[in-house]
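Secondary and tertiary structure notes
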Amino acid sequence: RIIEEAEAVFKTISSDILLPLADHIAFAARREREKIYVANPFIPDIKVLFGKEYAVALKSREIIKEMAGYEISDDEAGFIALHIHSGLSHEQVSDTLKATQLIDDSMNMIVKAAGKPANTDSLTYTRLLSHLYYMIERTTKNIPVNIDLNTFMEATYPEAAGIAKDVCFYMEKKLDKPLDKLEIGYLGVHIQRYLVE
């Protein structure tokens, strides 16, 4: 029924998620029954990056309560959203979780370097988060960047360019794959918008 809910929103979703999703739901219900709480530190990122998937996952809470008798938490719904995303993107849930962790780490680096708290409700924050997600996707799929902003960013906005360089270096290490060098300037534009917001 959760897959049917997802199909109503996304039109098509891989049925390959059926068993992993059922397995996750069984464990989530058992955790609820045993009053074991598993925090999902990526909820803010999941809501931004996979908002539609998360909306379906929130609806799935009603289905799980009806069929299993347990009401799962928003944190568990976040994990279900990752399963739904997996069915749409054909990525493994573990890969999506790793990417989400890398995005979260990168955002923390940017926030720390900027020296100001993140306004998670702002369009600038959402665009920056999305940009980090697509950077990872471009890198893993070997998709080149078609715009060279490196020289401009280094000359005009050296602080943003420096932060972008650090984030790109960190991502390379975590992905164990080189990033297109043009990612630095492109990311720098988004960081500059964040710095002046």
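Overview of the structure. Throughout, a residue's number is its position along its own chain's written sequence, starting from 1. Two thresholds apply to this predicted model, a pLDDT of at least 70 for residue-level local features and 80 or more for giving and counting side-chain atom pairs, whereas whole-chain, interface and lining totals are computed over all residues. Derived side-chain values reflect all non-hydrogen atoms in the structure, with water molecules and hydrogen atoms excluded from consideration.

1. Some remarks on the overall build of the protein
Numbering goes from the N terminus for both helices and strands, where a helix is a DSSP run of H or I of at least four residues and a strand is a run of E of at least two. When helices and strands are counted, the protein shows 10 helices and 0 strands. Its helices and strands taken in sequence order, the protein reads α-α-α-α-α-α-α-α-α-α from the N to the C terminus. The principal-axis extents of the C-alpha atoms in the protein amount to approximately 60 × 35 × 30 Å. Three labels apply to residues, based on accessible area from a 1.4 Å probe with only protein chains included: buried if under 20% of the type maximum, exposed if over 50%, partly exposed otherwise in between. When burial is assessed residue by residue, the protein has 45% of its 197 residues classed as buried. Only heavy atoms matter for contacts: two residues are in contact if any of them lie within 4.5 Å across the pair. Considering only contacts in the protein between residues 6 or more positions apart, those separated by 24 or more positions represent 73%. All accessible-area figures derive from a Shrake-Rupley calculation using a 1.4 Å probe, and residue coverage is judged against the displayed protein chains alone. When the accessible surface of the protein is split by element, carbon and sulfur atoms take 54% of a total near 10,600 Å². Neither His nor the chain ends is counted toward charge; the positive residues are Lys and Arg and the negative residues Asp and Glu. Here the site of a charge means atom NZ of a Lys, CZ of an Arg, CG of an Asp or CD of a Glu. Separation of charge centres in the protein, based on 23 positive and 30 negative side chains, amounts to 1 Å.

2. Remarks on the environment of Phe42
Mapped onto the elements of the fold, Phe42 is located in the loop between α2 (18-33) and α3 (43-49). Between the C-alpha atoms of Phe42 and Asp104, which are 62 residues apart in sequence, the distance is 7.4 Å. Excluding residues that lie within four positions of it along the chain, Phe42 makes contacts with Leu97, Thr100, Gln101 and Asp104.

3. Remarks on the environment of Ser60
Here Ser60 lies in helix α4 (residues 51-68). By relative accessible area, Ser60 is classed as buried at 0%. The contact partners of Ser60, leaving out residues within four places of it in the chain, are Ile2 and Ile80.

4. A word on the pattern of salt bridges
Pairs can form between side chains of opposite charge whenever their charged atoms are close. Here a salt bridge means any side-chain nitrogen of Lys or Arg lying within 4 Å of a carboxyl oxygen belonging to Asp or Glu. Evaluation of the coordinates by the stated rule reveals 9 salt bridges. When the shortest N-O distance is used, the salt bridge between Arg1 and Glu66 registers 2.9 Å. A residue pair is termed long-range when its members are at least 10 positions apart, and Arg1 in the segment before α1 (2-10) and Glu66 in helix α4 qualify at 65 residues. What makes Arg1 partly exposed here is its relative accessible area of 47%. Owing to a relative accessible area of 56%, Glu66 belongs among the exposed residues under this scheme. When salt bridges that share partners are traced, they join Arg61, Lys65, Glu71 and Asp74 into one network.

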